[in-house]
Amino acid sequence: MKSGQLHSPWAGDKSTDPVMQLRSYHQLLKEAGYHTGVTYKTHVAMHLLNGAESQYNQAGQNFNRFSKYVSVGKTDEERRHLRQKRLDEVPGNMPGFLDKGDDDAAAE
């Protein structure tokens, strides 16, 4: 599972984006029988990440705005609480990914 932000610099028409012609390691791994997924925001064409069905964000996507949410805390304690809440999203997004992998394995 890939976590974080992936960037595609293409600003033009997506139909002429050279990245659209590429195959990603997510696609290659899936074709080889692996369960793949992403969490949080990506800046890459979703077809390279096996489509929207490969996104696992059930615990939230606010980690992308970590500084925005944590910095509004008025006290150290409040900032610690907000920080932990954002960090909890990371493992919180994993169960859906793992469950789906179990479903895929059972279907074979």
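Everything discussed here concerns the structure shown above.
Residue numbers here run from 1 along each chain, matching the order of that chain's written sequence. Local features in a predicted model are, by the rule used here, given only for residues with pLDDT of at least 70; side-chain atom pairs are given and counted only at 80 or more, and totals for whole chains, interfaces and linings are based on all residues. Excluded from the side-chain calculation are hydrogens and water; included are all heavy atoms of the structure.

Here's the deal with the overall build of the protein chain
A tally of helices and strands in the protein chain yields four helices and two strands. The N-to-C order of helical and strand elements in the protein chain reads β-α-β-α-α-α. Using a 1.4 Å probe on the protein chains alone, a residue whose accessible area is under 20% of its type maximum counts as buried, one over 50% counts as exposed, and one in between counts as partly exposed. Here the protein chain holds 108 residues, and 28% of them are scored as buried. Methods summary: accessible areas were calculated by the Shrake-Rupley approach with a probe of 1.4 Å, and residue burial reflects only the protein chains presented. Here the protein chain displays about 7000 Å² of accessible surface, and carbon together with sulfur accounts for 56% of that area. Comment: elements are numbered from the N terminus, with helices defined as DSSP H or I runs of at least four residues and strands as E runs of at least two.

Remarks on the packing of aromatic side chains
Stacked, edge-to-face and tilted labels apply to pairs of Phe, Tyr and Trp rings (six-membered ring for Trp) whose centres lie within 6.5 Å, assigned for plane angles under 30 degrees, over 60, and everything in between, in that order. On inspection of all chains with the given rule, the structure shows one aromatic pair. Both rings, one in Tyr-56 and one in Phe-97, keep their centres 5.4 Å apart while their planes meet at 80 degrees; by these two values the pair is edge-to-face. Remark: Phe-97 occurs in helix α4 (residues 94-107) and Tyr-56 occurs in the loop between β2 (38-39) and α2 (66-70); sequence separation between them is 41 residues. Two conditions define a charge located above a ring, namely a distance within 6 Å from the ring centre to NZ of Lys or CZ of Arg, and an angle within 35 degrees of the ring normal. When the ring centre of Tyr-69 is taken as origin, the NZ or CZ atom of Arg-86, which lies over that ring, is 4.4 Å away.

Some details on the side chain of Ser-54
Tracing the backbone shows Ser-54 in the loop between β2 and α2. According to the relative accessible area criterion, Ser-54 is buried, its value standing at 1%.

Points about a nonpolar patch on the surface
Patch rule: a residue counts if its relative accessible area is over 30% and it has no salt bridge; like charges are joined within 9 Å, and nonpolar side chains (Val, Leu, Ile, Met, Phe, Trp, Tyr) within 5 Å. Salt-bridge detection follows one rule: a side-chain nitrogen of Lys or Arg within 4 Å of a carboxyl oxygen of Asp or Glu. On the surface, Tyr-25, Leu-29 and Tyr-34 cluster together into a nonpolar patch covering about 320 Å² of accessible area. Here Tyr-34 shows up in the loop between α1 (25-31) and β2. Residue Tyr-34 is classed as exposed on the basis of its relative accessible area of 52%.

Concerning the pattern of salt bridges
Scanning all chains against the criterion turns up three salt bridges. With its nearest N and O atoms 2.6 Å apart, the salt bridge here joins Arg-79 to Asp-76. Placement of the pair is Arg-79 and Asp-76 together in helix α3 (residues 76-92), with a separation of three residues, close to one helical turn. When its relative accessible area of 28% is taken as the criterion, Arg-79 is described as partly exposed. You can call Asp-76 partly exposed: its relative accessible area is 49%. Among the salt bridges present, the one from Glu-89 reaches Arg-86, with a minimum N-O distance of 3.5 Å. With Glu-89 and Arg-86 both in helix α3 and three residues apart, the pair spans about one turn of that helix.

Concerning the environment of Thr-39
Residue position: Thr-39 is located in strand β2. Remark: the alpha-carbon pair of Thr-39 and Glu-89, spanning 50 residues in sequence, is separated by 9.8 Å.

Side note on α3
Counted at 1.5 Å a residue, the expected span for α3 with its 17 residues is 24 Å, and the 24 Å between its end C-alpha atoms agrees. Residues of α3 that are buried: Leu-82, Arg-86 and Glu-89. Down the axis of α3, the buried side of the element spans an arc of 40 degrees, and every buried residue falls inside it. Exposed side chains of α3 directed beyond 90 degrees from the buried face belong to Glu-77, His-81 and Pro-91. Pairs of residues are marked as contacts when any of their non-hydrogen atoms sit within 4.5 Å. Buried residues belonging to α3 abut α2. An expected span of 1.5 Å times one less than the residue number is assigned to each helix. By arc we mean the arc of the directions from the helix axis to the C-beta atoms, nothing more.

Taken by themselves, the reported measurements are silent on function.
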